[in-house]
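Overview (structure and organization)
The primary structure of each chain is shown beneath.
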Amino acid sequence: MPVLPGAEPFHHEGGEVGVLLCHGFTGSPQSLRPWAEYLAERGLTVALPLLPGHGTRWEDLRPTGWQDWYAEVDRELRTLRERCTHVFVAGLSMGGALALRLAAKHGDAVAGVMVVNPANKVHGPAAHALPLLRHFVPTTKGITSDIAKEGVEELGYSHVPLHAAHSLRTFLRLVDGELPQVTQPLLLLHSPRDHVVPPVDSERVLGRVSSTDVTEILLEQSHHVATLDHDADRIFEESHAFVTRLVAGSDAPRATESAAAGVKKSDAESVQQSDSGSADRIGPGSLEQREGTATGG
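These lines cover the structure that appears in this document, whether it is placed above or below. On a predicted model such as this, the values are computed, not experimentally measured, just so you know.

Some words on the overall build of the protein chain
- Across its full length, the protein chain carries 9 helices and 9 strands.
- When burial is assessed residue by residue, the protein chain has 48% of its 297 residues classed as buried.
- Taking the intrachain contacts of the protein chain between residues at least 6 apart in sequence as the baseline, contacts between residues at least 24 apart amount to 77%.
- Put simply, the protein chain shows about 13700 Å² of open surface, and 51% of that area lies on carbon and sulfur atoms.

Right, here's the structure in full:
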């Protein structure tokens, strides 16, 4: 089936810092396109793939499962790693869960994680009935366009195939068990008024990851699809600052080693620098100042 207009994947060749963006269940790249374009305009290499079974018609989602969705983002991550020296993963809703699993599985290959209203569990009494119910009831109503901002629509499916919903439930349970393996810096943004993924899911993620560098931001003016809502600009700005800070921090040790090597070129040169005081300008202090400038700090 042809891809719906606006649901196309997005790729941009930028610099050596890459970001992989993962869209949500029954959604499409349209929900993250403004975020992707914002990062691309600032020189980053960006990948925003279309997940299998999405972006066409809901019937195409029915025969797919979490293995298909995860395999797609896993391939994209490996491609980015070949191209970039620093790679970050990000996602909305189920896309957040995909990003977290990528971080758990790929370790140091992922420089940081950015998630918006990450899904952690399929809630409600029907969730427990899914293994059996999916064989008798083909679909339920869609979950797209939970947006506070008037006049904005999310491009997604009007129906949710229960076979795919069952696979999503299985996947989220798998990711929940892997959260302690997530050690990378984490930026988690979530909406208190989310009608699709309750705030308890974000609390669960924050409580189970092993990351020590964690930033939590509340999106007070938005609902679930916050990347298209009132807080979208804040998401974009905070994520770019997050990436900039971590890239600058990871480059600082190498810059320090290079500076130290320069000071040790020869004993005579070291003595001359010490006598003149010029060596005091080479060291962690100046590097920290550059890092602060890069992050707007």
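Having put the structure on the table, let's press on.
Focus on the environment of Gly55
- Within the element layout of this structure, Gly55 appears in the loop between β3 (45-48) and α2 (66-83).
- A relative accessible area of 2% places Gly55 in the buried class.

Side note on the pattern of salt bridges
- Using the criterion set out here, one finds 12 salt bridges in the structure.
- With its nearest N and O atoms 2.7 Å apart, the salt bridge here joins Asp74 to Arg78. Taken together, the residues Asp74 and Arg78, both in helix α2 and 4 residues apart, mark about one turn of the helix.
- One continuous salt-bridge network, built from bridges that share partners, spans Arg101, Lys105 and Glu178.

Looking at the nonpolar core
- Leu20, Phe25, Trp69, Leu100 and Val113 are the most contacted members of the largest nonpolar core, which has 44 residues in total.
- For this core, the elements supplying multiple residues, two or more each, are β2 (17-22), α2, β4 (86-92), α3 (94-106), β5 (112-116), α5 (162-178) and β8 (186-190).
- Broken down by element, this core gets its largest block of residues, 8 residues, from α3.
- By size, the runner-up hydrophobic cluster in this structure holds 33 residues, among which are Leu32, Tyr38, Leu187 and Leu189.

A short note on α2
- For α2, with 18 residues, the first-to-last C-alpha span of 26 Å sits near the 26 Å given by 1.5 Å per residue.
- If you check which residues of α2 are buried, you get Trp66, Trp69, Tyr70, Glu72, Val73, Asp74, Glu76, Leu77 and Leu80.
- Check the buried side of α2 and you find it contacts β1 (10-12), β2, β3, β4, α3 and α5.

A closer look at the layout of surface pockets
- The space that makes up the largest pocket amounts to roughly 670 Å³.
- Around the largest pocket, the lining is made up of 34 residues, and of these Val122, His123, Ile143, Leu168 and Val196 lie nearest the centre.
- Those elements that place two or more of their residues in the lining of the largest pocket are α4 (125-133), β6 (139-141) and α5.
- Considering each element in turn, the lining of the largest pocket owes the most residues, 5 residues, to α4.

Comments concerning the pairing of β3
- Judged by which residues are buried, β3 turns out to be covered on both faces: Thr45 and Ala47 on one side and Val46 and Leu48 on the other are all buried.
- Of the pairings in the sheet, the one linking β1 to β3 comprises 3 bridges and is antiparallel in character. Looking at β3, one finds that Phe10 is bridged to Leu48.
- Pairing of β2 with β3, which is carried by 3 bridges, proceeds in the parallel orientation. Counted as the bridge partner of Val19 is Val46 from β3.
- The parallel pair β2 and β3 is bridged by helix α1 (residues 33-41), and the resulting crossover is right-handed.

Conventions used here
Residues numbered from 1 in each chain as written. Predicted model: local features only at pLDDT ≥ 70, side-chain atom pairs only at ≥ 80, totals over all residues. Heavy atoms only, no water. Helix = DSSP H or I, 4+ residues; strand = E, 2+ residues; numbered from the N terminus. Buried < 20%, exposed > 50% of the residue type's maximum accessible area, 1.4 Å probe, protein only. Contact = heavy atoms within 4.5 Å. Areas by Shrake-Rupley, 256 points an atom, 1.4 Å probe, with all protein chains shown as cover. Salt bridge = Lys/Arg side-chain N within 4 Å of Asp/Glu carboxyl O. Core = buried A, V, L, I, M, F, W, Y, C linked by side-chain atoms within 4.5 Å. Expected span 1.5 Å × (residues − 1). 1 Å grid on protein atoms, 1.4 Å probe; cavity = no way out; pocket = protein on both sides within 12 Å on 5 of 7 lines; lining within 4 Å. Points joined across faces, edges and corners; volume = space filled by probe spheres on them. Pairing = 2+ DSSP bridges. Right-handed = clockwise from strand over helix to strand, strands pointing away.

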